[in-house]
Amino acid sequence: MRSGRDLPVIRENNREKGSRYESMAAVYLEKKGCRILERNYKRSTGEIDLILKDGLYLVFVEVKYRKNQTLGTSLEAVTPTKQRRILRTAQYYMTEHGISDTTPCRFDVVGVDGTVISHVKNAFGGI
């Protein structure tokens, strides 16, 4: 008979882990009254985890997870480089969908640190 130590450890890959936390963020935002329009919008310019409507706002959301704060908080992980990629990809989304540049937009970050969810509205500059 094998001991529990001998059982293989099953680990999630980063994509599976990311999908799980993006789904958690989507449920959290829907409970706050937001309507999810798209998940994982990908173009050559980058990826946007969630695109949603919050009242009049078109919102582009980056979701970040940190098991612990050894490497900093989840919110700190949205670097200026990542922000620029999200901005370019959001512009592409708006053009592709015929959305006017006068549409109010917002860039939010949902951070998951361990079991705590944080939502920062207008986390960085907009279009």
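Quick summary incoming for the structure in this document.

Basis of the calculations
- Starting afresh in each chain, residues are numbered from 1 along the sequence in its written order.
- Predicted model: local features are reported for residues with pLDDT of at least 70 only, side-chain atom pairs are reported and counted for 80 or more only, and whole-chain, interface and lining totals are derived from all residues.
- Computation of side-chain values covers all heavy atoms of the structure but excludes hydrogens and water.
- Criterion used throughout: strands pair if DSSP finds at least two bridges between them.
- Numbering goes from the N terminus for both helices and strands, where a helix is a DSSP run of H or I of at least four residues and a strand is a run of E of at least two.
- Axis lines are fitted to C-alpha atoms, over the contacting stretch for helices. Their N-to-C directions set the angle, which ranges from 0 to 180 degrees.
- Stacked, edge-to-face and tilted labels apply to pairs of Phe, Tyr and Trp rings (six-membered ring for Trp) whose centres lie within 6.5 Å, assigned for plane angles under 30 degrees, over 60, and everything in between, in that order.
- Exposed residues in this analysis have more than 50% of their type's maximum accessible area, buried residues have under 20%, and partly exposed residues fall in between, with area computed by a 1.4 Å probe over protein chains only.
- We call a charge positioned over a ring when the NZ of a Lys or the CZ of an Arg lies within 6 Å of the ring centre and within 35 degrees of the ring normal.

**Side note on the sheet that holds strand β3 (residues 57-66)**
Move 1: With respect to topology, five strands assemble into an open sheet ordered β1-β2-β3-β4-β5, the strand pairing being mixed. With partners counted over all chains shown, the strands left at the sheet margins are β1 (35-43) and β5 (116-120), one partner each. The average angle at which neighbouring strand axes cross in this sheet is 25°, direction not considered.
Move 2: Relative to strand β2 (residues 46-54), β1 is paired through seven bridges, and the arrangement is antiparallel. Within the sheet, the bridge partner assigned to Ile 36 lies in β2 and is Leu 52.

**Examining the packing of aromatic side chains**
Move 1: Evaluated as defined, the whole model comprises five aromatic pairs.
Move 2: Ring centres of Phe 60 and Tyr 93 lie 6.0 Å apart, and the angle between their planes is 80°; on these two criteria the pair is classed as edge-to-face. Of this pair, Phe 60 sits in strand β3 while Tyr 93 sits in helix α2 (residues 80-96), placing them 33 residues apart in sequence. For the pair shown, Phe 60 and Tyr 93 are each scored as buried.
Move 3: Members of the aromatic cluster, joined through ring pairs, are Tyr 41, Phe 60, Tyr 93, Phe 107 and Phe 124.
Move 4: Sitting over the face of the ring of Tyr 57, Arg 106 holds its NZ or CZ atom 5.4 Å from the ring centroid.

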